[in-house]
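Per-entry structural report
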Amino acid sequence: MSNVTIKIEGIEYRVDERLTILQAARQCGYNIPTLCSWKDGKCSLASCRVCLVAVNGEKRLVPSCAYPVRDGLEISINDPQAIIARRTSVELLLSNHSMDCQSCPKNGQCELLEVARIVGARPDIYEGEKTPTTYDDLAPGLIRDTSKCILCGRCIEACKELQGLGILGFENRGFKTIVGPTANRSFSEVPCIQCGQCINVCPTGALMENSEIDKLDEAFREGKIVFVQTAPAVRAAIGEEFGEKIGTSCTGKMVAALHRLGFYRVFDTNFGADLTIMEEANEWIHRIATRATSPMITSCSPGWVNYIEYYYKELLPHLSSCKSPHEMVGAIIKSYYAEKHGLDRSKICVVSIMPCTAKKYEKERPENSVDGIKDVDVVLTTRELAKIIRRAGITWKKLPNEEFDHDLIGEYTGAGVIFGVSGGVMEAAVRTAYHILTGKELEPVEFTPVRGLKGIKEASLLINGNTYNLAVASGMRNAKKILDEIKKGNSKYDFVEIMGCPGGCINGGGQPFVKELFLPNEDDDILETYLSKRAQVLYDKDKFKTVRRSHLNKDVIRLYEDYLQEPGSPIAHKLLHTKYNNKREKYPNIHEEGMYGEK
Ligand code: SF4
Ligand code: SF4
Ligand code: SF4
Ligand code: FES
């Protein structure tokens, strides 16, 4: 690597020769607006033209996100022509935009509006016909509203880069161009895993979660007994919606807000995570003992479950039959808890606050119900939780710290908390599996080889003289490598954890938008750092819990003694286990019909 000398507004700087003008300018303290550039100040599409600057030796203005620096380059951001050009680019985008900001779900967090303000865009400068609109809300996880799409292409890249999928692409040409699934189909008609990673990068309200706030309101209106539970990753990020720094733990305030929103009981999905570990660790040990299909793969991430159902049907027997933790909590509330308290289960509504859009889909699966009654009725994302807190007039800063309700299923362990980060399920399972197989506790309790944000992590575990090979993958691009090995029959693993979103649930498709990812900032490793900070919240919670092993959760122990008998019992199977489908039957020509590019 060598440096070159450039000038910005006549001032000399030495910068790495591999940078784009945008990257170099950011390092030198300049703030060039962008829309299509994604993550690191580079852009392969350069479609929005919002980042135009003037440079010496070029007759035309150049997009700073795609133009490399070179020795002697003189750049002007403040050039009069560049100022007008950037404003015109945004005004043209606005001219083909719905501009119904008042009712737009992105209002308050819209990058287009922010950039329009920065460049001084004027409304209604270019009037005329607008591209015909598609509004798709048929998939439970996410909606697409092309009237708000600025054709930046970020979602296309996120789906491809992070998930190795090609669900989204450009359709049509010229004025009729739109972005969406092939042939402008609904997300419900293509093999989209509903992970929401595309939502997290969309600068506008063109992609959003399929909101269920109306369903929640209806449950209260109908006089239902409304329970709420929150996934571990929500507490690690909800504060960001209210101006807290990334990495602030907000469990107490979040619980206090939920109490003020009128829920009958506020429970922690961590209890369900402990229960999942009891069932899953036992299932793994049973598989080893009976030489059943191996490696077993975890099943608590619904985006991942969708992926295997669509793309690796032949590997379905590897999937653990355990429901995900929030489904388990829902099933237990509507059975054990309802019976103990004499509640009519048909009057119960279970609301899950999740970092994930695929959970909205998961709760609709007929397999996730008991005797025709769904385990979970409403799933709200972390972002939707922030919306209902604001709507209720609750001042976040003034909230006290409160505790989850301790009523039959209120206890949770450190093992349950770390479910929210990639490697957490494996670590929790190892703590309990070791105990079941040896009668002793794993020491130290932390199983660090599966920690960290690498896409694929490997570890081995020695139990009773046998070595077990473990793997952890997050993001489908990474998972694919492990699955291909299993498919070829040359996998060395005994147990695999897979999470749909890169980094795990802390980076789910329903988590607060991280604007720092797209806007100029001084943190070059923002993707890595914001995830590490959120992960640290959960690891700290685990560290400071007195009980850190799922098999020592007193409420879980009592639940088995009083009701479920033992892990894997017939009643545990009825309530806590599920089945999977071969979705390839629905899409026989999956590559040709459902995807852009390679899988
Ligand atoms: S995406 Fe932004 S500019 Fe467009 S309607 Fe929504 S808030 Fe307004
Ligand atoms: S939800 Fe996930 S799989 Fe579907 S289009 Fe978005 S990124 Fe791709
Ligand atoms: S849907 Fe969003 S991310 Fe995708 S091209 Fe449109 S504006 Fe960009
Ligand atoms: S063209 Fe550079 S950010 Fe869009």
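Residues numbered from 1 in each chain as written. Chains lettered and ligands numbered in written order. Predicted model: local features only at pLDDT ≥ 70, side-chain atom pairs only at ≥ 80, totals over all residues. Heavy atoms only, no water.

Let us now look at the site of ligand 2. Taken together, Leu142, Cys159, Leu165, Ile167, Leu168, Phe187, Cys192, Ile193, Gln194, Cys195, Gly196 and Cys198 make up all the residues around ligand 2. Per-class residue counts for the shell around ligand 2 are ten nonpolar, two polar and no charged. (Near = heavy atom within 4 Å. Nonpolar A, V, L, I, M, F, W, Y, C, P; charged D, E, K, R; others polar.)

Segmentation of the chain into domains returns domain 1 (3–93) and domain 2 (214–583). One C-alpha centre belongs to domain 1, the other to domain 2; they are set 43 Å apart. (Domains from an automatic or database assignment.)

Moving on, we come to the sheet that holds strand E6 (residues 135–136). Read across the open sheet, the three strands follow the order E6-E7-E10; overall the sheet is antiparallel. Two strands close off the open sheet at either side, each with one partner strand: E6 and strand E10 (207–209). Sheet analysis places strand E7 (residues 142–145) next to E10, joined by three bridges and oriented antiparallel. If you follow Ile143 over to E10, its bridge partner there is Met208. (Pairing = 2+ DSSP bridges. Helix = DSSP H or I, 4+ residues; strand = E, 2+ residues; numbered from the N terminus.)

Okay, the site of ligand 3 next. Around ligand 3, the surrounding shell holds 13 residues, and the nearest of these are Cys149, Cys152, Gly153, Cys155 and Cys202. A breakdown of the residues in the shell around ligand 3 according to their chemical character gives ten nonpolar, two polar and one charged.

For the rest of this paragraph, the subject is the pattern of salt bridges. Note that side chains of opposite charge can pair when their charged atoms are close. Scanning the model with the defined rule gives 43 salt bridges in all. Notably, a salt bridge pairs Asp100 with Lys148, separated by 2.4 Å at the nearest N-O pair. One end of the pair, Asp100, is in the loop between helix H2 (80–95) and helix H3 (111–119); the other, Lys148, is in the loop between E7 and helix H4 (154–163), and 48 residues separate them in sequence. The partner of Lys347 in a salt bridge is Asp344, with the nearest N and O atoms 3.4 Å apart. Shared partners join several salt bridges into a network, and the residues in it are Glu212, Lys215, Lys360, Lys363, Glu364, Lys374 and Glu384. (Salt bridge = Lys/Arg side-chain N within 4 Å of Asp/Glu carboxyl O.)

Okay, the packing of helix H9 (residues 269–289) against helix H15 (residues 424–438) next. At their nearest, the axes of H9 and H15 sit 9 Å apart, and the two run at 65° to each other. Here the hand of the crossing between H9 and H15 comes out right-handed. In this structure, H9 uses Ile277, Met278, Glu280, Ala281, Asn282, Trp284 and Ile285 to contact H15, whose residues at the interface are Val425, Ala428, Ala429, Thr432, Ala433, Ile436 and Leu437. (Axes fitted to C-alpha atoms, helices over the stretch in contact; angles between N-to-C directions. Left-handed = near helix turned anticlockwise from the far one by under 90°. Contact = heavy atoms within 4.5 Å.)

All right, on to the packing of aromatic side chains then. According to the stated counting rule, one finds 14 aromatic pairs in the structure shown. Between Phe227 and Tyr264 the ring centres are 5.2 Å apart and the planes differ by 65°, which places this aromatic pair in the edge-to-face class. With Phe227 in strand E11 (residues 225–230) and Tyr264 in the loop between helix H8 (251–260) and strand E12 (265–268), this residue pair connects regions lying 37 residues apart in the sequence. Measuring from ring centre to ring centre gives 6.2 Å for Phe227 and Phe267, while their planes differ by 25°; the resulting arrangement is stacked. (Phe/Tyr/Trp six-rings, centres within 6.5 Å; stacked < 30°, edge-to-face > 60°.)

We now examine H15. Between its terminal C-alpha atoms H15 stretches 21 Å, which fits the 21 Å expected from 15 residues at 1.5 Å a residue. For H15, a buried count of eleven out of 15 residues is recorded, marking the element as mostly surrounded by other parts of the structure. Those residues of H15 that fall on the buried side of the exposure criterion are Gly424, Val425, Met426, Glu427, Ala428, Ala429, Val430, Arg431, Thr432, Ala433 and Tyr434. Of the residues trailing H15, Gly439 is marked for its positive phi of about 75°. (Expected span 1.5 Å × (residues − 1). Buried < 20%, exposed > 50% of the residue type's maximum accessible area, 1.4 Å probe, protein only.)

With that out of the way, let us pick up a nonpolar patch on the surface. A surface patch of nonpolar side chains, amounting to about 250 Å² of accessible area, comprises Leu92, Ile125 and Tyr126. Residue placement: Leu92 occurs in helix H2. With relative accessibility at 45%, the residue Leu92 sits in the partly exposed group. (Patch = residues over 30% accessible without salt bridge, like charges linked within 9 Å, V, L, I, M, F, W, Y side chains within 5 Å. Areas by Shrake-Rupley, 256 points an atom, 1.4 Å probe, with all protein chains shown as cover.)

On to the pairing of strand E8 (residues 168–171), then. Look at any regular strand and the pattern is simple: side chains alternate between the two faces of the sheet. Pairing analysis gives four bridges linking E8 to strand E9 (residues 178–181), with the strands arranged antiparallel. Bridging across to E9, Leu168 finds its partner in Pro181.

It is worth spelling out the pairing of strand E20 (residues 495–499) at this point. Counting buried positions over the five residues of E20 gives five, a clear majority of the element. Side-chain alternation along E20 places Phe495, Glu497 and Met499 on one buried face and Val496 and Ile498 on a second face that is also buried. Examined bridge by bridge, strand E13 (residues 296–297) and E20 share two bridges and lie parallel to one another. Each bridged residue has a counterpart across the sheet, and for Ile297 the counterpart in E20 is Val496. Bridge count between strand E19 (residues 466–474) and E20: five bridges; the pairing is parallel. Pairing of Ala471 across the sheet is with Val496, part of E20. Running through helix H16 (residues 476–488), the crossover from E19 to the neighbouring parallel element E20 is right-handed. (Right-handed = clockwise from strand over helix to strand, strands pointing away.)

Cis geometry marks the peptide bond from Ser294 to Pro295; its omega dihedral reads 0°. Mapped onto the secondary structure, Pro295 falls in the loop between H9 and E13. For the peptide bond that leads from Glu443 to Pro444, omega is -10°, which places it in the cis range. Residue position: Pro444 is located in the loop between H15 and strand E18 (456–463). Despite not being glycine, Asp124 shows a phi value in the positive range, around 55°. Structurally, Asp124 can be placed in the loop between H3 and E6. With relative accessibility at 62%, the residue Asp124 sits in the exposed group. Unlike most non-glycine residues, Asn172 shows phi in positive territory, near 65°. Following the sequence through the fold, Asn172 ends up in the loop between E8 and E9. Assessed through its relative accessible area of 48%, Asn172 is described here as partly exposed.

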